[in-house]
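Remarks on the overall topology
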Amino acid sequence: LRTVGVDGAVDFYMMNGIDTTSYPLVLVPVDGMNSTTPVTIHAARNGRSTLVGTAVYNSVFPVNMGGVIVLDSAARFYTIDGYNGGNNSYRSMTITNMTQGFANSAVVLTNGASFNTVKNANLMALPANRTIVPSTDGLGTVSLYDGPNGYGGMMTTNTITGDSIGNGWNGV
């Protein structure tokens, strides 16, 4: 996407089952994206998709994964949709941040990210992290925050709807 951009709506379907990552999936602005040519990430058709993020934990030099999916740098017109197209199939996508020792997020919108939607998904963090006070290293299970010195501009018109959000310090 970053190399060639888009010239029409783009739909990505996650695989059925569980995928893991040690690095966040960072979504940034793409040439050609607008309200008529958005990018949508769907759950597997007629299946269940889970994305688990876990930063490597080292007690001497702990590493945080602030978010499993990060919409950054004025990212616009992305949709993360957990509906898989079947009957009773809402929330067929789960995004979980399993990184220990930080108040971290499943999804982060930051630095001017606007006109994005996260819907019909299960968004989770580790239950043990619920007592960690949010800081610049992490926030709630779903986090919307502006970067340092207003980098990326003001965020507007982001929608979080129909999700099940669990184990956040203060929720959304």
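The sections below set out a description of the structure shown in this document.

**Concerning the overall build of the chain**
Along its length, the chain carries zero helices and 14 strands. Overall, the chain shows an N-to-C arrangement of helices and strands of β-β-β-β-β-β-β-β-β-β-β-β-β-β. Here the C-alpha atoms of the chain give a radius of gyration of 16 Å, agreeing with the 16 Å that 2.2 N^0.38 yields for 172 residues. Looking at the 172 residues of the chain, the share that counts as buried comes to 46%. Considering only contacts in the chain between residues 6 or more positions apart, those separated by 24 or more positions represent 87%. By element, 52% of the accessible surface of the chain is carried by carbon and sulfur atoms, the whole surface being about 8,800 Å². Across the chain, the mean location of the 7 positive side-chain charges is 9 Å away from that of the 9 negative side-chain charges.

**Focus: the layout of surface pockets**
Quantified by volume, the largest pocket comes out at close to 280 Å³. Those elements that provide at least two residues to the lining of the largest pocket are β1 (10-13), β3 (25-27), β4 (39-42) and β6 (67-71). No other element matches β3, which puts three residues into the lining of the largest pocket. Of the residues assigned to the lining of the largest pocket, the class counts are 15 nonpolar, one polar and no charged.

**Digging into unusual backbone geometry**
One non-glycine residue, serine 73, lies in the positive phi region at around 55 degrees. Mapping serine 73 onto the fold places it in the loop between β6 and β7 (78-81). Among the residues examined, serine 73 registers a relative accessible area of 25% and is labelled partly exposed.

**Let's talk about the sheet that holds strand β11 (residues 121-125)**
Read from one edge of the open sheet, five strands run β2-β5-β8-β11-β14, paired in parallel fashion. Looking along the sheet, the strands with just one partner apiece sit at the ends: β2 (17-21) and β14 (164-166). Looking at each pair of strands side by side, their axes are set apart by 10 degrees on average, direction ignored. Pairing of β2 with strand β5 (residues 49-53) involves five bridges; the strand directions are parallel. Within β5, the residue paired with threonine 21 across the bridge is glycine 53.

**As for the nonpolar core**
Ranked by size, the top nonpolar core spans 29 residues in total, and within it Ile69, Leu71, Tyr78, Met93, Ile95, Val107 and Leu123 carry the most contacts. Secondary structure elements with two or more residues in this core: β4, β6, β7, β8 (93-97), β9 (105-110) and β11. With residues near it in sequence (within four places) discarded, leucine 123 still touches Ile95, Ala106, Val107, Val118, Thr141, Val142, Asp163, Ser164, Ile165 and Gly166.

**Details of the sheet that holds β4**
The five strands lie next to each other as β1-β4-β7-β10-β13, forming an open sheet whose pairing is parallel. Where the open sheet ends on each side, the last strands, each with one partner, are β1 and β13 (159-161). Taking the axes of each pair of neighbouring strands and ignoring which way they run, one obtains an average angle of 10 degrees across the sheet.

Rules used throughout
Residue positions are given per chain, counted from 1 along the sequence in the order it is written. Residues qualify for local features only when their pLDDT is at least 70, as the model is predicted, and side-chain atom pairs are given and counted only at 80 or more; totals for whole chains, interfaces and linings, by contrast, use all residues. Here the side-chain values reflect all heavy atoms present in the structure, with hydrogen atoms and water set aside. For the purposes of this entry, the term helix denotes a DSSP run of H or I that reaches at least four residues, the term strand denotes a run of E that reaches at least two, and both are numbered from the N terminus. The globule rule used for comparison is 2.2 Å times the number of residues to the exponent 0.38, while the radius of gyration itself is calculated over C-alpha atoms. In this scheme, a residue with accessible area under 20% of its type's maximum is buried, one over 50% is exposed, and one in between is partly exposed, where area comes from a 1.4 Å probe on protein chains only. Here, residues are in contact when the closest pair of their heavy atoms is within 4.5 Å. Each accessible area value is a Shrake-Rupley result obtained with a 1.4 Å probe; residue values ignore everything except the protein chains displayed when judging cover. Residues scored as charged are limited to Lys and Arg (positive) and Asp and Glu (negative), so that His and the chain ends carry no count. Charge coordinates come from a single atom per side chain, which is NZ of Lys, CZ of Arg, CG of Asp or CD of Glu. Here a cavity denotes grid points, spaced 1 Å and computed from the protein atoms alone, that fit a 1.4 Å probe unable to get out, and a pocket denotes an open set having protein on both sides within 12 Å along at least 5 of 7 lines; residues with an atom within 4 Å of a point are the lining. Grid points are joined across faces, edges and corners, and a volume is the space filled by probe spheres set on the points. Throughout this entry, Asp, Glu, Lys and Arg are counted as charged residues, while Ala, Val, Leu, Ile, Met, Phe, Trp, Tyr, Cys and Pro are counted as nonpolar. The remaining residues, Gly among them, count as polar. Whether two strands pair comes down to DSSP finding at least two bridges between them. Lines are fitted to the C-alpha atoms to define the axes, a helix being fitted only along its stretch in contact, and any angle between axes, read from their N-to-C directions, falls within 0 to 180 degrees. In these notes, a set of buried Ala, Val, Leu, Ile, Met, Phe, Trp, Tyr and Cys residues joined through side-chain atoms within 4.5 Å is what counts as a nonpolar core.

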